Amino acid sequence: MAEKAMCMSTQIPDDEDIQRENNVRGLTMLGHFGFECLPHQLVNRAIQKGFSFNILCVGETGLGKSTLIDALFNTNLKEKKSSHFNSNVELKIRTYELQESNVQLKLTIVKTVGYGDQMNKEGSYQPIVGYLDAQFESYFQEELKIQRSFADYHDSRVHVCLYFISPTGHSLKSLDLLTLKSIDNKVNIIPLIAKADAISKNDLQKFKYKIMNELVNNGIQIYQFPTNDESTAQTNSSMNKHLPFAVVGCIDEVKVGKRMVRGRQYPWGILQVDNENHCDFVKLRDMLLCTNTEDLKEQTHTQHYERYRCFKLQKIGFTDVGPDNQPVSFQEIYEAKRQEFYDQCQREEEELKKKFMQRVKEREIAFKEAEKEATTGQV
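Scoring rules and cut-offs
By convention here, each chain's residues receive numbers from 1 onward along its written sequence. In keeping with the model being predicted, local features are shown solely for residues with a pLDDT of at least 70 and side-chain atom pairs are shown and tallied solely at 80 or more, while totals for entire chains, interfaces and linings include all residues. With hydrogens and water excluded, all non-hydrogen atoms of the structure serve as input to the side-chain values. When DSSP finds two or more bridges between a pair of strands, those strands are recorded as paired. We count a stretch as a helix when DSSP gives it H or I for four or more residues in a row; a strand needs E for two or more, and each element gets its number in order from the N terminus. Fitted lines through C-alpha atoms give the axes, limited to the stretch in contact for helices. The angle between two N-to-C directions lies from 0 to 180 degrees. Note: pLDDT gives the predictor's confidence per residue, expressed from 0 to 100. The contact criterion used throughout is that any non-hydrogen atoms of two residues lie within 4.5 Å. Relative accessible area decides the class of each residue, using a 1.4 Å probe on protein chains only: under 20% of the type maximum gives buried, over 50% gives exposed, and in between gives partly exposed. Whether two aromatic rings pair depends on their centres lying within 6.5 Å, for rings of Phe, Tyr and Trp, where Trp uses its six-membered ring; planes under 30 degrees apart make the pair stacked, over 60 edge-to-face, and the rest tilted. In this scheme, the term charge over a ring applies when either NZ of a lysine or CZ of an arginine sits within 6 Å of the ring centre and within 35 degrees of the ring normal.

Engineer: Can you walk me through the sheet that holds strand 10 (residues 259-266) in this structure?
Structural biologist: Note: strands within a sheet are paired through backbone hydrogen bonds, in either parallel or antiparallel orientation. Read across the open sheet, the three strands follow the order 9-10-11; overall the sheet is antiparallel. Where the open sheet ends on each side, the last strands, each with one partner, are strand 9 (253-256) and strand 11 (269-272). Strand-to-strand twist in this sheet, taken as the mean axis angle between neighbours without regard to direction, amounts to 70°. Here strand 9 runs beside strand 10; their pairing, made up of four bridges, is antiparallel. If you follow Lys255 over to strand 10, its bridge partner there is Met260.

Following this line, the structure appears as structure tokens:
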């Protein structure tokens, strides 16, 4: 349980009330009355409720997606290795419950299986786009219910996409550009150079520069660590310059001097995963899990989901303003759409009646002509 914080007022009353904009008056306090404890109430409630975080890992088979996730959360999720012979791209979804100190986290990991393994890679990105849209649609439908249950609802919207780039040292592949372009308006993208120990430091910096240039030239938007918070602005601004992160994942330990560290043993030496001079793993972990987790979730809701929601409502026919460019309420739009639908049904009913009467007249004429012919034949 979180310790209860003592809340003491430090407000010093002024002689006069402060006049603010929009006719809002700032009142002076004559003593402590407790609302400064609200942040502590929110923290305690959040800890009791727990947190959720959803990560999408996109990349070719064999780039170390599972190993990196194990290293990020310092655990072994015991995932089976994927085959290189999948006929279609699939998504593997797993949800885990983790606890660090007294903080509980419901972690959902979504990983691509068979991505980039097919001869024809044209449709490889479609299952990814379909999954992202499906999670938005599920949340959208929950919002539209008369009796909503967000207290128990598991929000499966993806908060961040870790896009694994093959360490070729040359440029992004066509599949990379096509996929990134298709999902950059649906999810926060953090590009990663996988297995970065396969490239020398000099080549790695050149590769990073090429990747960022290609992303800009193709109009692909990746997630930028926010710089509007004074407490994290300097760090985030510095980290934005390190994108894409060059990462190496490993949970095995090797001996360096007298201590054990996570790393890989090579004939030329040891690569330490948690050494910032060796790779960007620590930068990724700090930015993803320590500094910007909440911002990633906020961006998912206020930017990507909001864009999807607006599209769906506009497709149905809802809008914020009427023909005269004046604001209209949801009820007014609903009544207008209802009347429009009723009028359409009436028109269709009238058309069906006309068609029915026309067919009846045609049959009557046909029967009369047949009757005449029969009478003439008898004479």
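Engineer: Quick question: what am I supposed to make of the confidence of the model for the chain here?
Structural biologist: Low-pLDDT portions of the prediction should not be read for the details of their coordinates. In this model, the chain carries an average pLDDT of 84, and 88% of its residues clear a pLDDT of 70 or more. Least confident of the elements in the chain is strand 1 (residues 18-19), whose mean pLDDT is 50; most confident is strand 6 (residues 160-165), at 96. Between residues 1-5, whose pLDDT stays under 50, and residues either more than four places distant or in other chains, the model counts six contacts. Below a pLDDT of 50 lies the segment residues 8-18, which in the model reaches 19 contacts outside its immediate sequence neighbourhood of four places, other chains included.

Engineer: What is the right way to read helix 2 (residues 65-72) from this model?
Structural biologist: Of all eight residues in helix 2, six are buried, a share of seventy percent or more. On its buried face, helix 2 is in contact with strand 3 (51-58), strand 5 (103-113), strand 6, strand 7 (189-193), strand 10 and helix 7 (281-291). Immediately downstream of helix 2, the backbone of Asn74 shows phi near 50°, a positive value.

Engineer: Would you mind going over the packing of aromatic side chains with me for this structure?
Structural biologist: Here the distance between the centres and the angle between the planes together describe a pair of aromatic rings. Applying the stated criterion to the full structure yields eight aromatic pairs. Taken together, a centroid distance of 5.5 Å and an interplanar angle of 35° make the contact between Phe136 and Tyr308 tilted. Here Phe136, found in helix 3 (residues 126-144), pairs with Tyr308, found in helix 8 (residues 293-316); they are 172 residues apart in sequence, far enough to count as distant. Summarising the burial analysis for this pair, Phe136 and Tyr308 share the class buried. Ring plane angle 5° and centroid distance 4.8 Å describe the contact between Tyr266 and Trp268, whose orientation is recorded as stacked. Taken together, Phe136, Tyr139, Tyr153, Tyr305 and Tyr308 form an aromatic cluster joined through their ring pairs. Above the plane of the ring of Tyr139 lies Arg157, whose end atom (NZ or CZ) is 3.6 Å from the centre.

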